[in-house]
Protein chains: 2
Amino acid sequence: MSRTTIADVAREAGVTKATVSHALSGNRPISEETKAKVLAAAEKLNWAPSQSARALATRRANAVAVVLARDPEVIANDSFFPAFIAGVESVLAETETALLLQVVSGRDAEERAYRTLTHGRADGALLLDLRTDDWRVPFLDDLGLPTVLVGTYDQPTGFSCVRTDDAAPVREIIAHLRAAGHERIAHVSGPLAYVHSKARAAAYVEAIGGDELLREGDFTAASGRTRTAELLALPERPTAILYSNDTMAIAGLSYARSQGLAIPQDLAISGFDDDHLSAHLSPALTSVSSDPAARGRAAARLLRADILGAQPRTEIVDCNVVHFRDSTS
Amino acid sequence: MSRTTIADVAREAGVTKATVSHALSGNRPISEETKAKVLAAAEKLNWAPSQSARALATRRANAVAVVLARDPEVIANDSFFPAFIAGVESVLAETETALLLQVVSGRDAEERAYRTLTHGRADGALLLDLRTDDWRVPFLDDLGLPTVLVGTYDQPTGFSCVRTDDAAPVREIIAHLRAAGHERIAHVSGPLAYVHSKARAAAYVEAIGGDELLREGDFTAASGRTRTAELLALPERPTAILYSNDTMAIAGLSYARSQGLAIPQDLAISGFDDDHLSAHLSPALTSVSSDPAARGRAAARLLRADILGAQPRTEIVDCNVVHFRDSTS
DNA sequence: ATGAAAGCGCTAACAA
DNA sequence: TTGTTAGCGCTTTCAT
């Protein structure tokens, strides 16, 4: 690898290591002439600074981490994550910051992961899949690791936060369904331990005025099917179901059809997250897109600012758009 | 953060830094007694070795990288990637190796990314989305960065490789369709620059004996729709279409229906990669699952071995399974 | 505007 | 089995 070091470049350019360092970082005035010499030498020797040496000297890893504590199945089900990461990356790339990804299972593993990160691996972290009373929030606060919360967190924290309004699209869909004459509207939520699931469910309950037709799913197709079956077995079955993700919605749609119901005539269905396939189904699925890449970009920018010592801020990325498609009309 | 260093722990335990280091790494015999003292001191001071200092001293970053050169849209479309990463992680976690993710666009950016990685950021890389005559293969060879190729590469290289047999499932689907009486079977491929797309297309051409009904798509829904429209407009339209991913298959299915065709009676359709939604569509989509997590695990293991200096090996992970569902029967 | 030298926190010879 | 001593390759005071 990089067998050539800054010393080689310094020698080649006829200057000292300090000059080479500053010529590249711009941390102090350098004459155009020597700067050119240094750059030429670096180019000639094909040299680039060693990230690990730099990290040690500056006490900065130039890397941030995303720790994912999810079941493998849920990871594969998720259309949010890849696009989110792409957004994060696009911002990190500007400052040559690396993205560390860690998939862990179990609280112990997750704690260990954060501990290791803190010790010279990463300068900050992005926290996804927030839960109510999430232990990670105080834990990371304790560690002193700059962190950005992605998702609406319901308690005061000293962390920066990227929020979206999960309630608005729920209200919008319900209003739409009501206008179309629906009176028994059900909701299959995600795990209520997640703040975003909870926020959507709460918006539903408030709009409907009750939770009689609320069922808790877990974002998997299996739960979409089961909860739908329960709802359809009710004496007075719902005429519309609003799901908290597309996977459950499609599983539900599929089940309803198997029971002889026509979509949307007998049962209107809407999803959430707007999976890339949803617009192409028959009927096309009504869903809510949320521009995960934009949220990724916002989160990365906030984290960068935090690392540089800025005051924590909450940024609202309001990019939820309801796409009304055939499954609700 | 880690304001406490190995020196503090050494003092606390009444030994030297070297002893502390070895007590943790096990790199030389340590008496149980001192080892216990060291561990206790480390625990008490809540100390863990700094990864950046360690990286500098050992010339090993304890990290491997995945560089993704893809359009954002294709990333979001892809059901392979998240599961693959989860598999990679499960193996890396065993050795506390971090995963660096880099999403780049453009060859320049990708070259820069690899250069930076080589300079103390990562010990190795996983190469995805291989293309025929991929410039990255000789480039990485040049850089001397241990690399594992994920996907069937068609040229001899000095790199380890995780292969799958893309041809077998194609043959199996075609045989199945023929047995059901289909004679005009079409194929909508992915970009033929990708080795896996090409391998599938080649298997198709060989089984069919011609490429009259072969169309090149790009894995997006839009291309699935367009290519399908072309095929259905043919004087003698195909009675079955085999797509190289599920996104295109579903877009095609949707289009065919809009033209009044019944699936599978008028047109049989099969996909590839078995998106998590595919089994839940109506009709359920015939597709090929490929256990991305298993491939991720294999790739990570090979890379680890490479980094430790093992001979490059090619491992065949044969996990392609065709799921025949309603869309083909 | 540049040079000299002291670390950053760890590992790894080399000794004992 | 343990201690001593150099580095790893960079950044960053402090001088000049």
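See the structure above.
The rules we used
Residues numbered from 1 in each chain as written. Chains lettered and ligands numbered in written order. Predicted model: local features only at pLDDT ≥ 70, side-chain atom pairs only at ≥ 80, totals over all residues. Heavy atoms only, no water. Helix = DSSP H or I, 4+ residues; strand = E, 2+ residues; numbered from the N terminus. Buried < 20%, exposed > 50% of the residue type's maximum accessible area, 1.4 Å probe, protein only. Contact = heavy atoms within 4.5 Å. Phe/Tyr/Trp six-rings, centres within 6.5 Å; stacked < 30°, edge-to-face > 60°. Lys NZ or Arg CZ within 6 Å of the ring centre and 35° of its normal. Salt bridge = Lys/Arg side-chain N within 4 Å of Asp/Glu carboxyl O. Polar contact = N/O pair within 3.5 Å; in protein donor to acceptor, adjacent residues only side chain to side chain. Nonpolar A, V, L, I, M, F, W, Y, C, P; charged D, E, K, R; others polar. Pairing = 2+ DSSP bridges. Expected span 1.5 Å × (residues − 1).

Peer 1: Quick rundown of the environment of Arg54 of chain A? Include the residues and the values.
Peer 2: Residue and element names in this part refer to chain A. With respect to the secondary-structure elements, Arg54 resides in helix H4 (residues 51-58). Given a relative accessible area of 35%, Arg54 falls into the partly exposed group. Along the primary structure Arg54 and Ser289 are separated by 235 residues, whereas in three dimensions their C-alpha atoms are 41 Å apart. Not counting the four nearest positions on each side in its chain, Arg54 is found in contact with Pro49, Arg59 and Asn62.

Peer 1: So what's going on with the packing of aromatic side chains? Residues and values would help.
Peer 2: What describes a pair of aromatic rings is the distance from one ring centre to the other and the angle between the planes of the rings. One pass over the structure, following the stated rule, counts 8 aromatic pairs over all chains. Ring plane angle 20 degrees and centroid distance 5.2 Å describe the contact between Phe80 of chain A and Phe84 of chain A, whose orientation is recorded as stacked. Remark: Phe84 of chain A and Phe80 of chain A occur in helix H6 (residues 80-92); sequence separation between them is 4 residues, near one turn of the helix. Taken as a pair, Phe80 of chain A and Phe84 of chain A share a single burial class, namely buried. Between Trp135 of chain A and Phe139 of chain A, the ring centres sit 5.5 Å apart and the planes meet at 70 degrees, which makes this aromatic pair edge-to-face. Three or more aromatic residues joined by ring pairs make a cluster, and in this case those are Tyr114, Trp135 and Phe139 of chain A. Between the NZ or CZ atom of Arg107 of chain B and the centre of the ring of Trp135 of chain B, over which it lies, the distance is 4.2 Å.

Peer 1: An account of the interface of chain B and chain A is requested, with residue identities and associated values reported.
Peer 2: Between chain B and chain A, the contact holds 53 residues from the first and 52 residues from the second. Where chain B packs against chain A, one counts 0 salt bridges. Across the contact surface, chain B and chain A share 16 residue pairs in polar contact (both at pLDDT 80 or more). When contributions to the side of chain B that touches chain A are tallied by element, the ones reaching two or more residues are helix H4 (51-58), helix H5 (72-76), helix H6 (80-92), strand S2 (98-104), helix H7 (107-118) and helix H12 (246-258) of chain B. Of the residues that constitute the side of chain B that touches chain A, the class distribution is 25 nonpolar, 19 polar and 9 charged. For strand S2 (residues 98-104) of chain A and S2 of chain B, the ladder comprises 3 bridges, and the chain directions are antiparallel.

Peer 1: Hey, could you go over helix H12 (residues 246-258) of chain A for me, with residue numbers and the actual values?
Peer 2: All names here are of chain A. Relative to the 18 Å expected for 13 residues at 1.5 Å per residue, H12 spans 18 Å between its end C-alpha atoms, a close match to the ideal helical length. Here H12 lies mainly inside the structure; 11 of its 13 residues are buried. Taken together, the buried positions of H12 are Asp246, Thr247, Met248, Ala249, Ile250, Ala251, Gly252, Leu253, Ser254, Tyr255 and Ala256. In this structure, the buried residues of H12 make contact with strand S6 (185-189), helix H11 (221-232), strand S8 (240-243), strand S9 (268-270) and strand S10 (287-289). Two to three positions downstream of the cap, the backbone nitrogen of Thr247 sits 3.4 Å from a side-chain oxygen, assigning the N-cap of H12 to Asn245. Positive backbone phi, approximately 85 degrees, marks Gly260, located one or two places after H12.

These figures come from the coordinates and say nothing about function on their own.
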